[in-house]
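# Observations on the three-dimensional arrangement
The chain contents come next:
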Amino acid sequence: MSSAMEIDEENETKGGMWALDQKLDQPMDEEAGKLRNMYREKKFSALLLLRLAFQSLGVVYGDLGTSPLYVFYNTFPHGIQDPEDVIGALSLIIYSLTLIPLLKYVFIVCRANDNGQGGTFALYSLLCRHAKVKTIPNQHRTDEELTTYSRSTFEEHSFAAKTKKWLEARTFRKNALLLLVLAGTCMVIGDGILTPAISVLSASGGIKVNNPKMGNDVVVIVAVAILVGLFSLQHYGTDKVGWLFAPVVLLWFLLIGGIGIYNIWKYDSSVLKAFSPVYIYRYFRRLHKAGWISLGGIMLSITGTEALFADLAHFPVPAVQLAFTAVVFPCLLLAYSGQAAYLMQNTDHVVDAFYRSIPERIYWPTFIVATLAAIVASQATISATFSIIKQAVAHGCFPRVKVVHTSKNFMGQVYVPDMNWILMVLCIAVTAGFKNQSQIGNAYGTAVVIVMLATTLLMTLIMVLVWHCHWTFVLIFTVLSLVVECTYFSAVLFKIDQGGWVPLVIAGGFLLIMYVWHYGNVKRYEFELHSKVSMAWILGLGPSLGLVRVPGVGLVYTELASGVPNIFSHFITNLPAIHSVVIFVCVKYLPVYTVPEEERFLVKRIGPKNFHMFRCVARYGYKDLHRKDDEFEKKLFDNLFIFVRLESMMEGCSDSDEYSLYGQQTQQSRECLLKEMNSSASNADITTISSIDSIVPAVKSPLHGNTTMSSEHASSQTEVDELEFLSSCRDAGVVHILGNTVVRARRDSRIYKRIAIDYIFAFLRKICRENSAIFHVPHESLLNVGQVFYV
């Protein structure tokens, strides 16, 4: 009994004969690898790079570009006491833009992308591939052989190896890392609420500048109307209106840059002395605590930088860098300098500094462009929020929600209906509740600085484990980043009671939901892992599994990538029959951005052939979308047929000692299979077989006449027989067997665990989408198996 279990565990660990992932054609893989490297390292032509840089303006820089609408008002909410304060504030803005967006994000953090994907979960995925920090241990050895599972190696006694060992040593450290990622993610969701509120409200405020008698309620109503329209159009996707984004944002940057030059020339060119950092020192020496608190307003000049990294998926890094250095950075410096020049002579106009500084002839065209730019900025952060929710769901850190791809060209453009309406309600509540830019600005600054702190800490680990930087360079980057960001963080703490509490409450609510959901999934997975059925138990049942085998195929869905799930034993214990073919289907997400279609499925046989039991693992990246439809089912059976043919050919060229009953593939049998495949290449293409019709029938042996068949022909006949059997079972009907598990905390559990599992997790499971809806399983072929897990 124990020996059979050991055999099962050993073969599950080694992977058995995982068809389609054993790299049977090594030269083809090497060639594919070269092509992939050429694609990643290809040099973009100057014209293509300019076009991509132009397009990136609309998607990446909308949020950062609308900051001039509200920065000076939030820096001086109580008015300007001394014109020299304006120069000090401008100097702080100039060096904030230089240190954070330009040096840190555009030239360093953007290089830490996961094959072009940005955001906190992309950094976490990189760390999960380089260290065993993932809290759900459902990865298999063969997962590391994926072409997209790229990772670097390091020496055993290096600083990176010591850091890796330190991270993996304690579960507490893994959980702390996950909490850091979740905190950063929740703050980005907060940005998705606050950015539309402050951008649209600031842009709508232009109506009131030329109509002083107009009440603030009218501005709020206009802003709310724009927000409702914005969120109502989300289901069309950014691809439908994307052609408008880049021209609008480019026109916006050219306008604010041109207005800045005009104001510097007309009002006070002496503001350019703010490029000297001496004025920062004078600013703090003169204002003391008030100057320190004003950093919360200065902080808003770099909002949108975190969205820059999160929206990186659509464009190559050189295009993003070119757009920032050539257009965004100089135009922002000119815009802030122009506003400062205007405020030097009009200190009482700080409330509407941007609109007051616009020349009268172009006021209304600028107002229209500002409103459009605010909508574009809002769209960018909303889209980034949807992408992050999608990644969180894939990592098991967010309840199952409906995810819709809105573009056939860009897989990264997704729409989450449930989250869209939640964001809209919260955004309208913030806009109507505060009614002014100042308090929303305080809340916005708090969310942004926390995201930046989380990114800095994650980047420290990336530089050590992924880039293998020298510890001195890591220390310089971390210290400089933390000094600047902690300074801003200390300033926004003074404004917690003035609106800064809003993102903390929003993020706290989402953090509780995400962590409890992840915690419940981990506990459920651990229970299933420890209660899985051994192969010895399956073998003891015999070929009929101790039951009546009825025609058809039973697809048993499980989260386990190895072993027979407890749901199966529970099912056959309560029902007197099981299908003639049983396939355990495991759909799992890996810490990679995508899994190539040709590497998606793994197939393995469970038990002897006459049991007709298989396992199929479908692997996805966090950018992929699993759709359980006829196409998925067809691909599953196609890969199953290929597996049977591969297995049959391998048995014909290996003996029982080298090729075990459970499908363990040896090097010798693999080489023999390669020879067999090469010799039969003219008869059939092994990679394109999808049905038994394409299999060449067995031929009589020339050596033994008509009375005997060679072992190869006998193997082919067995293969055809099994394929015909599988095909007939599929035609008889496919039933999808899903576990409808209820997770409960044990009676001796602590009070916080009982609250988390019995109430919060149970509530989330009730309101989230069912597995059958996620997999698109038709109700007429669905069979739910109920179980209660005590964790």
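Turning to the overall build of the protein chain, a few remarks are in order. Within the protein chain one finds 30 helices and 8 strands. A total of 791 residues make up the protein chain; the buried ones form 57% of that total. Long-range pairs, those at least 24 residues apart, make up 84% of the contacts in the protein chain between residues at least 6 apart in sequence. If you sum the accessible surface of the protein chain, you get close to 33300 Å²; carbon and sulfur atoms cover 61% of it.

For the rest of this paragraph, the subject is the side chain of Thr66. Locating Thr66 in the fold gives a position in the loop between helix H4 (62-65) and helix H5 (71-75). A relative accessible area of 0% means that Thr66 is categorised as buried. Separated by 3.0 Å, the side chain of Thr66 and the backbone oxygen of Asp63 make a polar contact. Not counting residues within four places of it along the chain, the set of residues in contact with Thr66 comprises Ser199, Trp252, Ala373, Ala374 and Ala377.

Counting residues in each nonpolar core, the largest one holds 161 residues, and the members touching the most others are Tyr61, Phe72, Phe253, Tyr355 and Met419. With 18 residues, the top contributor of residues to this core is helix H17 (residues 317-345). In contact with Phe253, not counting residues within four places along its chain, are Leu57, Tyr61, Gly65, Val327, Val328, Cys331 and Leu332. Val553, Ile583, Phe614 and Leu723 belong to the second largest nonpolar core, which has 27 residues in total.

Let's shift gears to empty space enclosed by the protein. One water molecule sets the probe size; rolling that probe over the atoms shows where empty space is left. In this structure the tally under the stated criterion is 7 cavities of 30 Å³ or more. Estimates place the volume of the largest cavity at around 100 Å³. The set of elements that each furnish at least two residues to the lining of the largest cavity consists of H5 and helix H18 (353-356). Its residues assigned to classes, the lining of the largest cavity comprises 11 nonpolar, 5 polar and 1 charged. Counted as a void, the second largest cavity has a volume near 60 Å³.

The next thing to look at is the packing of aromatic side chains. Each aromatic ring pair is characterised by the separation of its centres together with the angle its planes make. In total, this model carries 19 aromatic pairs according to the counting rule given. A ring pair is formed by Phe284 and Trp292, whose centres lie 6.0 Å apart and whose planes are at 55°; its orientation type is tilted. Classification of Phe284 by relative accessible area gives partly exposed; the value is 23%. In textbook terms, an aromatic cluster arises when at least three aromatic residues are bridged by ring pairs, as seen for Trp252, Phe354, Tyr355, Tyr363, Trp364 and Phe367. Against the face of Tyr279 rests Arg282, its NZ or CZ located 5.0 Å from the ring centre.

Ordered in space as S5-S6-S4-S3-S7-S8, the 6 strands form an open sheet in which the pairing is mixed. Each edge of the open sheet is held by one strand with a lone partner, namely strand S5 (601-605) and strand S8 (782-790). Each strand axis lies, on average, 25° off the axis of its neighbour in the sheet, ignoring direction. Bridge count for strand S3 (residues 548-557) against strand S7 (residues 734-744) is 4 bridges, and the pairing is parallel. Counted as the bridge partner of Val556 is Ile737 from S7. Relative to S8, helix H25 (residues 566-574) is tilted by about 115°, and along the sheet it contacts S3, strand S4 (577-589), strand S6 (613-620), S7 and S8.

Looking now at the side chain of His612. Counting through the fold element by element, His612 comes out in the loop between S5 and S6. Since its relative accessible area comes to 17%, His612 is described here as buried. For His612, the residues in contact, after removing those within four places along its chain, are Arg549, Ser580, Val581, Val582, Glu722 and Phe725.

Turning our attention to a nonpolar patch on the surface. On the surface, a nonpolar cluster with roughly 500 Å² of combined accessible area is contributed by Phe159, Trp471, Leu475, Val479 and Val483. Looking at the nonpolar patch element by element, the count peaks at 4 residues for helix H22 (residues 471-493). Considering the arrangement of structural elements, one finds Phe159 in helix H8 (residues 159-169). Exposure remark for Phe159: the relative accessible area of 46% places this residue in the partly exposed category.

This brings us to the environment of Cys586. Inspection of the secondary structure assignment puts Cys586 in strand S4. Since its relative accessible area comes to 1%, Cys586 is described here as buried. Apart from residues lying up to four places away in sequence, Cys586 is in contact with Thr558, Glu559, Leu560, Ala561, Cys616, Val617 and Ala618.

Turning to unusual backbone geometry, a few remarks are in order. The phi dihedral of His468 falls on the positive side, at around 60°, and the residue is not glycine. Positive phi is not limited to glycine here, since His612 has a value of about 55°.

As for its position among the elements, Gly190 is in helix H9 (residues 171-204). Between the C-alpha atom of Gly190 and that of Thr385, which follows or precedes it by 195 residues, the distance is 8.9 Å.

This brings us to the packing of H9 against helix H11 (residues 216-232). With their axes 9 Å apart at the nearest point, H9 and H11 run at an angle of 130° to one another. By the angle between their directions, the pair H9 and H11 is classed as oblique. Crossing geometry of H9 relative to H11 is assigned as right-handed. On H11, the residues touching Pro196, Val200, Leu201 and Ser204 of H9 are Val219, Val220, Val222, Ala223, Ile226, Leu227 and Phe231. Looking at side-chain class alone, the contact of H9 with H11 contains 10 nonpolar, 1 polar and no charged residues.

The next point concerns the pattern of salt bridges. When charged atoms on two side chains of opposite charge get close, those side chains can pair. Enumeration over the complete set of coordinates arrives at 11 salt bridges. One salt bridge connects Glu559 with Arg524, and the closest N-O pair in it is separated by 2.6 Å. With Glu559 in the loop between S3 and H25 and Arg524 in helix H23 (residues 501-530), this residue pair connects regions lying 35 residues apart in the sequence. Salt bridges sharing partners connect three or more residues here, namely Glu597, Arg600 and Lys635.

Next up on the list: the pairing of S7. Sheet analysis places S7 next to S8, joined by 9 bridges and oriented parallel. Looking at S8, one finds that Val742 is bridged to Val788.

At their nearest, the axes of helix H3 (residues 46-60) and H17 sit 8 Å apart, and the two run at 70° to each other. Taken together, the axes of H3 and H17 lie roughly perpendicular to each other. Touching Leu49, Leu50, Leu52, Ala53, Ser56 and Leu57 of H3 are Pro318, Ala319, Val320, Leu322, Ala323, Val327 and Val328, all from H17. Residue composition of the contact of H3 with H17, by class: 12 nonpolar, 1 polar and no charged.

On to helix H29 (residues 751-767), then. Residue pairs three or four apart in sequence face the same way in an α-helix, which turns once every 3.6 residues. If you check H29, its first and last C-alpha atoms are 23 Å apart, about what 17 residues at 1.5 Å a residue would give, namely 24 Å. At Phe761, H29 shows its maximal bend, which comes to roughly 30°. Turning to H29, its buried residues number three or more, namely Lys753, Ala756, Ile757, Asp758, Phe761, Ala762, Leu764 and Arg765. Close packing links the buried residues of H29 with H23 and S7.

In this section: the environment of Val502. Take Val502: it is sitting in helix H23. The exposure class of Val502 is buried, given its relative accessible area of 8%. Between the C-alpha atoms of Val502 and Gln439, which are 63 residues apart in sequence, the distance is 9.5 Å. Residue contacts for Val502: discarding those within four places in its chain leaves Leu194, Val430, Phe434 and Ala443.

On average, residues of the protein chain score 77 in pLDDT, and 80% of them are at 70 or above. Contacts for the low-pLDDT stretch residues 1-42, under 50 throughout, to residues beyond four places or in other chains number 79 contacts. Per-residue pLDDT stays below 50 along residues 652-714; that stretch engages in 84 contacts with residues further than four places along the chain or on separate chains.

The rules behind each value
Residues numbered from 1 in each chain as written. Predicted model: local features only at pLDDT ≥ 70, side-chain atom pairs only at ≥ 80, totals over all residues. Heavy atoms only, no water. Helix = DSSP H or I, 4+ residues; strand = E, 2+ residues; numbered from the N terminus. Buried < 20%, exposed > 50% of the residue type's maximum accessible area, 1.4 Å probe, protein only. Contact = heavy atoms within 4.5 Å. Areas by Shrake-Rupley, 256 points an atom, 1.4 Å probe, with all protein chains shown as cover. Polar contact = N/O pair within 3.5 Å; in protein donor to acceptor, adjacent residues only side chain to side chain. Core = buried A, V, L, I, M, F, W, Y, C linked by side-chain atoms within 4.5 Å. 1 Å grid on protein atoms, 1.4 Å probe; cavity = no way out; pocket = protein on both sides within 12 Å on 5 of 7 lines; lining within 4 Å. Points joined across faces, edges and corners; volume = space filled by probe spheres on them. Nonpolar A, V, L, I, M, F, W, Y, C, P; charged D, E, K, R; others polar. Phe/Tyr/Trp six-rings, centres within 6.5 Å; stacked < 30°, edge-to-face > 60°. Lys NZ or Arg CZ within 6 Å of the ring centre and 35° of its normal. Pairing = 2+ DSSP bridges. Axes fitted to C-alpha atoms, helices over the stretch in contact; angles between N-to-C directions. Patch = residues over 30% accessible without salt bridge, like charges linked within 9 Å, V, L, I, M, F, W, Y side chains within 5 Å. Salt bridge = Lys/Arg side-chain N within 4 Å of Asp/Glu carboxyl O. Parallel < 35°, antiparallel > 145°, perpendicular 65-115°, else oblique. Left-handed = near helix turned anticlockwise from the far one by under 90°. Expected span 1.5 Å × (residues − 1). Bend = angle between axes of the 7 residues up to and from the residue. pLDDT = per-residue confidence, 0-100.

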